[in-house]
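Residue-level structural notes
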Amino acid sequence: MRKLSGEKLDAERARLEQMREYEHQYASYKAICGIDEAGRGPLAGPVVAGAVILVPDCEILYLNDSKKLSPKRREELFAEIQEKAVSWSVGIVDAGEIDRINILQATYEAMRKAIAGLKLVPDLLLNDAVVIPEVETEQVKIIKGDAKSVSIAAASILAKVTRDRMMEQYDALYPEYGFAKHKGYGTAAHMAALQKHGLCPIHRKTFLKNHK
């Protein structure tokens with residue numbers, strides 16, 4: 001990762017400090033966990049949730065909403081988050097389960113799996129735009145939380161990179177669909193492949209009722 005210096009480094013640290021300051025209002029909690037997901041919208045593949053507990057005032061330069069970062073930057077941050085986090089985990093729910101229980105319930109289940117996988121039990125969850133059912137830990141729903149909270153931003157990166165890597169592996173199994181490029185989203189190329197080849201085992205049938 002290219003090293004920042006001078007005014008650019010100062011500006012990046014100031015941006016991160018704003019995101020950390022958002023969490024300072026919860027400073028009475030000992031283990032704050034950020035929660036976010038990737039993959040609610042695609043036509044194929046799993047939904048993945050990330051859960052991350054960072055030390056207070058942890059500095060990870062460039063940490064941001066995963067959608068605002070390049071794939072290369074996300075990969076670099078993925079490794080740094082794993083190295084610096086007090087605890088981290090991902091939860092995965094596959095396409096078959098999404099079809100069985102619907103995407104919203106599957107998202108909640110992925111989040112519960114991510115929380116359950118943490119080595120440290122959090123005492124507060126900061127969630128990006130949702131309240132997770134069947135979770136006893138206190139929760140705070142934050143709209144656009146991945147741009148406001150360092151913990152949620154870190155969770156969004158873990159979820160996104162994990163899912164993207166899975167879709168690249170699926171591309172090797174089903175190369176005719178181009179999963180490595182579009183990651184299962186409904187691009188023109190993906191829709192054309194569906195018209196030609198039909199559904200494969202990782203397609204969400206409830207999202208594609210007019211295809212066979």
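Quick note: structure is the one above.
Residues numbered from 1 in each chain as written. Predicted model: local features only at pLDDT ≥ 70, side-chain atom pairs only at ≥ 80, totals over all residues. Heavy atoms only, no water.

1. Overview of the layout of surface pockets
The following threshold applies: Residues are said to line a cavity or pocket when one of their atoms sits within 4 Å of a point; the points come from a 1 Å grid over protein atoms alone, cavities being sets where a 1.4 Å probe fits but cannot get out and pockets being open sets with protein on both sides within 12 Å along at least five of seven lines. Grid points are joined across faces, edges and corners, and a volume is the space filled by probe spheres set on the points. Under the DSSP-based scheme used, a helix requires at least four consecutive residues in state H or I and a strand at least two consecutive residues in state E, with every element numbered from the N terminus. Only Asp, Glu, Lys and Arg are considered charged, only Ala, Val, Leu, Ile, Met, Phe, Trp, Tyr, Cys and Pro nonpolar, and every remaining residue, Gly among them, polar.
As a volume, the largest pocket reaches approximately 300 Å³. As for the largest pocket, its lining consists of 19 residues, and the residues nearest its centre are Glu 23, Ile 32, Val 55, Pro 56 and Asp 57. Elements with a contribution of two residues or more to the lining of the largest pocket: helix H1 (6-24) and helix H5 (150-173). In terms of residues, the lining of the largest pocket owes the most to one element, H1, which gives 3 residues. Counted by class, the lining of the largest pocket contains 13 nonpolar, 2 polar and 4 charged residues. Roughly 210 Å³ of internal volume is contained in the second largest pocket.

2. Overview of the packing of H1 against H5
As a reminder, the rule being used: The axes used here are C-alpha line fits, helices contributing only the stretch in contact, and every angle between their N-to-C directions lies in the interval 0 to 180 degrees. When an angle is under 35 degrees it counts as roughly parallel; over 145 it counts as roughly antiparallel; between 65 and 115 it counts as roughly perpendicular; any other value is oblique. A contact between two residues is defined here by any heavy atoms of the two lying within 4.5 Å.
Contact pair H1 / H5: the axes reach a minimum separation of 8 Å and the direction vectors enclose 110 degrees. Put simply, H1 runs roughly perpendicular to H5. Residues Leu 16, Met 19, Arg 20 and Glu 23 of H1 form the contact with H5, whose own contacting residues are Val 150, Ser 151, Ile 152 and Ala 153. A per-class count over the contact of H1 with H5 returns 5 nonpolar, 1 polar and 2 charged.

3. Observations concerning the packing of helix H2 (residues 71-84) against H5
Angle between the axes and distance between the axes: these two values describe a pair of packed helices. Inclusion rule: In a left-handed crossing the near helix is turned counterclockwise from the far helix by less than a right angle, and in a right-handed crossing that turn is clockwise.
Two numbers describe how H2 lies on H5: the axes approach to 9 Å, and their chain directions differ by 120 degrees. Viewed along their axes, H2 and H5 adopt a mutual orientation that is oblique. Here H2 and H5 pass one another in a crossing that is left-handed. Along its contact with H2, which presents Arg 74, Glu 75, Leu 77, Phe 78, Ile 81 and Gln 82, the element H5 presents Ala 154, Ile 157, Leu 158, Lys 160, Val 161, Thr 162, Asp 164 and Arg 165. Partitioning the contact of H2 with H5 into residue classes produces 7 nonpolar, 2 polar and 5 charged.

4. Some words on a nonpolar patch on the surface
Quick note on the threshold: Within the patch definition used here, like charges are joined within 9 Å and nonpolar side chains (Val, Leu, Ile, Met, Phe, Trp, Tyr) within 5 Å, considering only residues with over 30% relative accessible area and no salt bridge. Surface exposure here means Shrake-Rupley accessible area, sampled with a 1.4 Å probe, where a residue is shielded only by the protein chains that are shown. Here, a salt bridge means any side-chain nitrogen of Lys or Arg that lies within 4 Å of a carboxyl oxygen of Asp or Glu. Summary of the burial criterion: residues with accessible area below 20% of their type's maximum are buried, those above 50% are exposed, and those between are partly exposed, where the area comes from a 1.4 Å probe applied to protein chains only.
On the surface, a cluster of nonpolar side chains totalling about 210 Å² of accessible area is made up of Val 55, Val 86 and Leu 120. Turning to its location among the elements, Val 86 is positioned in the loop between H2 and strand E3 (87-93). The class of Val 86 is partly exposed, set by a relative accessible area of 42%.

Take it as geometry only, folks, not as evidence of what the structure does.
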